[in-house]
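Each chain, written out:
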Amino acid sequence: MTLQAGSTLIFWALLALQAPIASGLSKVRCSRPVCPKGQRAIRREGAARVWAFGCNATQSQSVLHKCCLEKEICMRTCGMEWAKCSEIFGKCAVKTCGEDDSCLDAAETADRLISGGDSHMTVCKAFRDTQHELCTCLPFKEAKEGASVRLASFYAAFKPDRLDENGDVKGAEEVWKKWHGR
């Protein structure tokens, strides 16, 4: 085993030992986007649609493209915790790479690229700025009403069969029960 392979193995062993604390590959820990008590983060009206570039920069990173897309979309989802996005990326990378050390090294590099580096100040500021640019906080009731309007609009464009004759979402209560708290 080479020194590089050994250090990668040690990295993953330490990560496994710290699983409850460290999730994903990023060592950066950003605070959760916080709305005042009784409010929830929702997409700002007129905010850009969620976008993602992925990580096809190099051949070794191309196998991780799906993982990168998932983390980028997560980072641009209103109210999402940084730790959750890192956890999603880490699990995807481990599943994709298995025990391939060169793939795991590429995953670490890709994570730094899509996160914006490995400096807590730089990465977390960019994360908070993006959340602030794309999201706003609304009282729970108002946020749910707005989400209902956006869901109906989405279904009108992509799944019109999910709407009744008045343009309301069929079975809306079941939809909200399923997605409550997410």
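Worth saying up front: this structure is predicted, and the values here are computed from it rather than measured. (Residues numbered from 1 in each chain as written. Predicted model: local features only at pLDDT ≥ 70, side-chain atom pairs only at ≥ 80, totals over all residues. Heavy atoms only, no water.)

In this structure, what is going on with the overall build of the chain? I would like to understand it.
In terms of regular secondary structure, the chain is built from 8 helices and 2 strands. Along the chain direction, N to C, the helices and strands of the chain fall in the order α-β-α-α-α-α-α-β-α-α. Going through the 182 residues of the chain one by one, you find that 35% of them count as buried. Pairs at least 24 residues apart make up 65% of the contacts formed inside the chain by residues separated by at least 6 positions. Summed over its atoms, the accessible surface of the chain is roughly 11,700 Å², and 59% of this surface lies on carbon and sulfur atoms. (Helix = DSSP H or I, 4+ residues; strand = E, 2+ residues; numbered from the N terminus. Buried < 20%, exposed > 50% of the residue type's maximum accessible area, 1.4 Å probe, protein only. Contact = heavy atoms within 4.5 Å. Areas by Shrake-Rupley, 256 points an atom, 1.4 Å probe, with all protein chains shown as cover.)

Honestly, the confidence of the model for the chain in this entry has me stumped. Any pointers?
Parts of the prediction with low pLDDT should not have their coordinates interpreted in detail. Averaged over every residue, the pLDDT of the chain is 78; residues scoring 70 or more account for 80%. Per-element mean pLDDT across the chain ranges from 40 in helix H1 (residues 3–17) up to 92 in helix H4 (residues 82–97). In the predicted structure, residues 1–23 sits below a pLDDT of 50 and forms 21 contacts with residues beyond four places in sequence or in another chain. (pLDDT = per-residue confidence, 0-100.)

Help me understand the state of the cysteines, please; the structure alone is not making it clear to me.
In protein chemistry, a disulfide is the covalent bond that joins the sulfur atoms of two cysteines. The tally for this structure, following the rule as stated, stands at 7 disulfides. Disulfide partner of Cys30: Cys124, at an S-S distance of 2.1 Å. The sign of the -90° torsion about the S-S bond sets the Cys30-Cys124 disulfide as left-handed. Of this pair, Cys30 sits in the loop between H1 and strand E1 (39–43) while Cys124 sits in helix H6 (residues 120–134), and the two are 94 residues apart along the sequence. The pair Cys30 / Cys124 is uniform in exposure class, with both members buried. Between Cys97 and Cys103 runs a disulfide, and the two sulfur atoms are separated by 2.1 Å. Every disulfide takes its handedness from the sign of the S-S torsion; for Cys97 and Cys103 that torsion is -60°, giving left-handed. Classification of Cys97 as buried rests on a relative accessible area of 7%. (Disulfide = S-S within 2.5 Å.)

Which parts of the structure should I look at to understand the packing of helix H3 (residues 65–75) against helix H5 (residues 101–115)?
Contact pair H3 / H5: the axes reach a minimum separation of 10 Å and the direction vectors enclose 30°. With respect to H5, the axis of H3 lies roughly parallel. At the point where H3 passes H5, the crossing takes the right-handed sense. Across from Cys68, Lys71, Glu72 and Met75 in H3, the residues of H5 making contact are Ala110, Asp111, Ile114 and Ser115. Per-class residue counts for the contact of H3 with H5 are 4 nonpolar, 1 polar and 3 charged. (Axes fitted to C-alpha atoms, helices over the stretch in contact; angles between N-to-C directions. Parallel < 35°, antiparallel > 145°, perpendicular 65-115°, else oblique. Left-handed = near helix turned anticlockwise from the far one by under 90°. Nonpolar A, V, L, I, M, F, W, Y, C, P; charged D, E, K, R; others polar.)

Got a minute to help me understand the packing of aromatic side chains in this structure?
The description of two aromatic rings rests on the distance between their centres and on the angle between their planes. Tallied over the entire structure, the rule returns 3 aromatic pairs. Aromatic pair Phe154 and Phe158: ring centres 4.9 Å apart, planes at 40°, arrangement tilted. Residue Phe154 and its partner Phe158 are located together in helix H7 (residues 140–158), separated by 4 residues, close to a single helical turn. Chaining the aromatic ring pairs together yields one cluster made of Phe154, Tyr155 and Phe158. (Phe/Tyr/Trp six-rings, centres within 6.5 Å; stacked < 30°, edge-to-face > 60°.)

Quick question: what am I supposed to make of the nonpolar core here?
The nonpolar side chains of soluble globular proteins are, as a tendency, buried together. Core analysis: the biggest nonpolar cluster contains 14 residues, and Leu64, Cys68 and Phe89 have the highest contact counts within it. Breaking this core down by element, the ones donating at least two residues are H3, H4 and H5. Listed in part, the 9 residues of the second largest apolar core include Val28, Cys74, Cys85 and Phe127. (Core = buried A, V, L, I, M, F, W, Y, C linked by side-chain atoms within 4.5 Å.)

I'm lost on the pattern of salt bridges in this one. Help?
Once their charged atoms are close, side chains differing in charge can pair, the charge on each being opposite to the other. As enumerated under the stated definition, the model contains 6 salt bridges in all. With a shortest N-O distance of 2.9 Å, Lys91 and Glu87 are connected by a salt bridge. Taken together, the positions of Lys91 and Glu87, both in helix H4 and 4 residues apart, correspond to about one turn of that helix. Across the pair Lys141 and Glu145 runs a salt bridge, and its minimum N-O distance is 4.0 Å. With a gap of 4 residues between them, Lys141 and Glu145 both fall in helix H7, about one helical turn apart. (Salt bridge = Lys/Arg side-chain N within 4 Å of Asp/Glu carboxyl O.)

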